[in-house]
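# Chains, contacts and geometry: an overview
Given next are the chains, with one letter for each unit.
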Amino acid sequence: MAGDSETRLEHRADGEQVARQPFLIGVAGGTASGKSSVCGKIMELLGQNKIDHHQRQVAILSQDSFYRVLTPEQKAKALKGQFNFDHPDAFDNELIVKTLTDIVDGKTVQIPVYDFVTHSRKEETVAVYPADVVLFEGILMFYSQEIRDLFQMKLFVDTDADTRLSRRVLRDISERGRDLEQVLSQYINFVKPAFEEFCLPTKKYADVIIPRGADNLVAINLIVQHIQDILNGGLTKRQAGCINGYGTSPRQRQPSESSSRPH
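Throughout what follows, the structure given in this document is the object of discussion. Here the structure is a predicted model, which means the values were calculated and not measured. (Residues numbered from 1 in each chain as written. Predicted model: local features only at pLDDT ≥ 70, side-chain atom pairs only at ≥ 80, totals over all residues. Heavy atoms only, no water.)

### Remarks on the pairing of strand 7 (residues 120-128)
Note: strand 6 (residues 107-115) against strand 7, six bridges, orientation antiparallel. Its bridge partner being in strand 7, Y114 is matched across the sheet by R121. As consecutive antiparallel partners, strand 6 and strand 7 are separated by four residues, and within that stretch H119 has a phi angle of approximately 55°, a positive value. (Pairing = 2+ DSSP bridges. Helix = DSSP H or I, 4+ residues; strand = E, 2+ residues; numbered from the N terminus.)

Next up, the structure:
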């Protein structure tokens, strides 16, 4: 799961060098609310998407990469659109915690690759190298307190339900070859109820709520400025490295994003 760590140092005012810890940002919100687009816009405005993966200072991870391996019975239901992928139990939270812990420790991590057509985890993985800032997006990023408490900043992307549904219908039909009836049935039976029961209540944990997603450039620019301050060393060690009781950890350089999309 983890590889070697490459210590990243910062200079204190007294001249002493200390290990630098990554700043973890959780990004939650309903299905097709624009979480990935918000993260992508942040990367674009920071100029990180034009930098080689091994040189980037900001990494993006997706909760969608961490769906559990389904049993044959569960997979059969999934292929019929009868499995609830929006329930907290659908995710491998133990692996998410281990991944985030390894990132905090400055290790390179291997992220699973999930196939949304076959509803299965592929054999290959994607390496994510240590970065100064890590964005981790997903519908239920704030549901588990153990995971929620690992983030120094929490963002909630708040988008109109009709807009989210229309985006999801277009995405599932065009990208996953599903028919309209199946998409709507899954939304009514699983997606909408799960959003109301598990996702929406976590909005209260957010430090920043972003209405309209990636279209809200005012909110995104404020977040980008905050991240830029972190990258430039503008925040104090306590603000950027010792929040939520964490000490400092070995740091490295870079990230690689997971591009999987939610069910």
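### Some thoughts on the packing of aromatic side chains
This model, assessed by the stated rule, comprises nine aromatic pairs. With centroids separated by 4.5 Å and ring planes inclined at 25°, the aromatic side chains of Y67 and F91 adopt a geometry described as stacked. One end of the pair, Y67, is in the loop between strand 5 (58-62) and helix 2 (72-79); the other, F91, is in the loop between helix 2 and helix 3 (93-104), and 24 residues separate them in sequence. The class for F91 is buried, based on a relative accessible area of 1%. Relative to F116, the ring of Y114 has its centre 5.0 Å away and its plane inclined at 65°; by these criteria the two rings are edge-to-face. Residue class for F116 comes out buried when judged on its relative accessible area of 8%. The ring of Y205 carries R148 above its face, with NZ or CZ at 3.7 Å from the centroid. Geometry around F195 places R164 over its ring, the cationic atom sitting 4.2 Å from the centre. (Phe/Tyr/Trp six-rings, centres within 6.5 Å; stacked < 30°, edge-to-face > 60°. Buried < 20%, exposed > 50% of the residue type's maximum accessible area, 1.4 Å probe, protein only. Lys NZ or Arg CZ within 6 Å of the ring centre and 35° of its normal.)

### Examining the pattern of salt bridges
Side chains that differ in charge, positive against negative, can pair when their charged atoms come close. Scanning the model with the defined rule gives eleven salt bridges in all. Ionic pairing is found between D102 and K107, a salt bridge with its closest N-O pair at 3.9 Å. E196 is the salt-bridge partner of K192, the closest N and O atoms lying 2.7 Å from each other. Taken as a pair, K192 and E196 lie in helix 6 (residues 180-199) at a separation of four residues, close to a single helical turn. (Salt bridge = Lys/Arg side-chain N within 4 Å of Asp/Glu carboxyl O.)

### Here we look at the packing of helix 1 (residues 35-46) against helix 7 (residues 217-231)
Between helix 1 and helix 7, the least distance of the axes is 10 Å, while the angle of their chain directions is 55°. Taken together, the axes of helix 1 and helix 7 lie oblique to each other. In this structure, helix 1 meets helix 7 at a crossing whose hand is right-handed. Of the residues in helix 7, those touching helix 1 at V38, K41, I42, L45 and L46 are L217, I220, N221, I223, V224, I227, Q228 and L231. Residue composition of the contact of helix 1 with helix 7, grouped by class: ten nonpolar, two polar and one charged. (Axes fitted to C-alpha atoms, helices over the stretch in contact; angles between N-to-C directions. Parallel < 35°, antiparallel > 145°, perpendicular 65-115°, else oblique. Left-handed = near helix turned anticlockwise from the far one by under 90°. Contact = heavy atoms within 4.5 Å. Nonpolar A, V, L, I, M, F, W, Y, C, P; charged D, E, K, R; others polar.)

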